[in-house]
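Structure at a glance
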Amino acid sequence: MSDHGTPGSIDGHKTVGVIGCGYWGPNLLRNFNQLPISTVKYCSDLSDERLEHMKALYPGILVTKRFEDLIEDPEVDAIAVATPVSTHYPIAKACLEGGTHVLVEKPLTGKISEAEDLVAIAERNGLVLFTGHTFVYTAAVQKMKDLLDAGELGEAFYMSSTRVNLGLFQEDINVIWDLAPHDISICNYLFGGQPVTVSTYAKSYIRPGIEDVAFLVLQYPQNVVAHVHVSWLDPCKIRRTTLVGSKKMLVYDDTNPLEKIRVYDKGVDVQPHYDTFGEFHLSYRFGDIVVPKIHSGEPLKEECGHFIECINDNACEPRSGGRDGLAVVKVVERACESAKLGGAPLPLERSSEGSE
Ligand SMILES: NC(=O)c1ccc[n+]([C@@H]2O[C@H](COP(=O)([O-])OP(=O)(O)OC[C@H]3O[C@@H](n4cnc5c(N)ncnc54)[C@H](O)[C@@H]3O)[C@@H](O)[C@H]2O)c1
């Protein structure tokens, strides 16, 4: 079953179940199985074909179409959910009510109210609710965070992110729910909180009513702004983020295997002394371009290991916990509302939900 030795003999070892074995679930399964601290006992999918495939890959694994079997098995300590977004809430709720820690793929749920409910149940039951914001576990995003926090880039001005390709069109969600959670989770992580307002311009070219291209503008406190362009309708695969600070600028290209991050010592300085407005001038700085060394470990392994670490240590604060998942769902839901209103900026927090 496991790719490693005797699981029971390892302190803090956890037995894991995986629900949903389509495209992404098998990656979770492989990583939990390869970690010395966890072993996957059970997996669930509605498709016989997928279950047969998982059984062929892992002959010792138990498979079932009833996800409840994983929750009812007293040996299963934790469950990872990688099913379509509309099913995240009922499945994660059943896991938490059954006393199991749960990792839910991004986005945590398809509605703010559902995410709030999951956070409340997890907190009430003392269980770990974890969100699969995989990008915050990448070495590149961690490097960006370290540079920003160390003041290397100066004061953060703005971030601009492009995540586009041809497809893959999803059946149950629009492109904002599908792709923007990656960028929003990166922004929230880098800027240490959620935006104040969100504004979105989006279009549905291929299927009526299901947006396939969107431009989001997130206004964070301290005058920081982020622009996120997501699309299923683009000729090129682009995964590129630019982060501009008062001292330096940085470009993160996730498709570049060798130079994921480039830090540009470029900037604009306002000359402090001038006598008349006509003499006001700027000086441009063109310094070195540095490519920091980034380790090439699998982010999902880091994420799965951190999930188990948080289960084992109450004091461990998840880098992508339930509240981080909720914060991203808030942005996405408001972004979709803004798109329906033609791009109107909407506050993330409403003073009173009942008053609208
Ligand atoms: N973190 C990442 O980078 C990343 C990448 C891809 C997908 N995802 C997320 O993973 C989730 C799944 O995406 P996917 O691309 O693997 O989708 P998918 O459609 O390929 O797979 C989903 C699987 O869930 C199964 N399923 C549906 N309802 C079920 C139920 N009630 N019980 C058991 N199995 C059930 C389906 O049969 C299917 O095999 C989504 O939330 C997606 O956003 C995350």
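So, here is what we can say about the structure in this document. Since the model is a prediction, treat every value here as computed from it, not as a measurement.

**Remarks on the overall build of the protein**
- Of regular secondary structure, the protein possesses nine helices and 15 strands.
- Along the three orthogonal principal directions, the C-alpha set of the protein runs to about 80 × 45 × 40 Å.
- Accessible surface, the protein: about 16800 Å² in total, of which carbon and sulfur atoms supply 54%.
- Of note, the protein has its 33 positive side-chain charges centred 3 Å away from the centre of its 49 negative side-chain charges.

**Quick word on the environment of Y220**
- If you trace the backbone, Y220 turns up in the loop between β9 (213-219) and β10 (225-231).
- Taking relative accessible area as the criterion, Y220 reaches 2% and is therefore assigned buried.
- C-alpha separation for the pair Y220 and R334, spaced 114 residues apart in sequence, amounts to 14 Å.
- The residues contacting Y220, other than those within four sequence positions of it, are I184, C187, N188, F191, G193, Q194, P195, V196 and A226.
- At 2.6 Å, the side chain of Y220 forms a polar contact with the side chain of N188.

**Structural notes on the sheet that holds β10**
- In space, the nine strands of this open sheet follow the order β14-β13-β12-β11-β7-β10-β9-β8-β15, with mixed pairing throughout. One side of each edge strand has no neighbouring strand; the edge strands of this open sheet are β14 (282-290) and β15 (346-347).
- Pairing of β9 with β10, which is carried by seven bridges, proceeds in the antiparallel orientation. Of the residues in β10, the one forming a bridge with V217 is H227.
- On top of the sheet, helix α9 (residues 322-340) reaches β8 (197-203), β9 and β15; it is set at about 55° to β8, its chief contact.

**A word on the sheet that holds strand β5 (residues 101-105)**
- In space, the six strands of this open sheet follow the order β3-β2-β1-β4-β5-β6, with parallel pairing throughout. The sheet is open, and its two borders are formed by β3 (62-64) and β6 (129-132), each paired with just one other strand. Along the sheet, successive strands turn relative to each other by an average axial angle of 25°, direction set aside.
- Relative to β5, strand β4 (residues 78-81) runs parallel, the two being bridged by four bridges. Looking across to β5, one finds that A78 is bridged to H101.

**Some points on the packing of helix α6 (residues 139-149) against helix α7 (residues 175-191)**
- Where α6 meets α7, the axes come as close as 9 Å, and the angle between the chain directions of the two elements is 30°. The orientation of α6 relative to α7 falls into the category roughly parallel. Considering the relative orientation of α6 and α7, their crossing is right-handed. Residues V141, Q142, M144, K145 and L148 of α6 lie in contact with α7, whose contacting residues are I186, Y189, L190 and F191.
- Residue composition of the contact of α6 with α7, grouped by class: seven nonpolar, one polar and one charged.

What counts as what
- Residues numbered from 1 in each chain as written.
- Predicted model: local features only at pLDDT ≥ 70, side-chain atom pairs only at ≥ 80, totals over all residues.
- Heavy atoms only, no water.
- Helix = DSSP H or I, 4+ residues; strand = E, 2+ residues; numbered from the N terminus.
- Areas by Shrake-Rupley, 256 points an atom, 1.4 Å probe, with all protein chains shown as cover.
- Lys, Arg positive; Asp, Glu negative; His and termini not counted.
- Charge placed at Lys NZ, Arg CZ, Asp CG, Glu CD.
- Buried < 20%, exposed > 50% of the residue type's maximum accessible area, 1.4 Å probe, protein only.
- Contact = heavy atoms within 4.5 Å.
- Polar contact = N/O pair within 3.5 Å; in protein donor to acceptor, adjacent residues only side chain to side chain.
- Pairing = 2+ DSSP bridges.
- Axes fitted to C-alpha atoms, helices over the stretch in contact; angles between N-to-C directions.
- Parallel < 35°, antiparallel > 145°, perpendicular 65-115°, else oblique.
- Left-handed = near helix turned anticlockwise from the far one by under 90°.
- Nonpolar A, V, L, I, M, F, W, Y, C, P; charged D, E, K, R; others polar.

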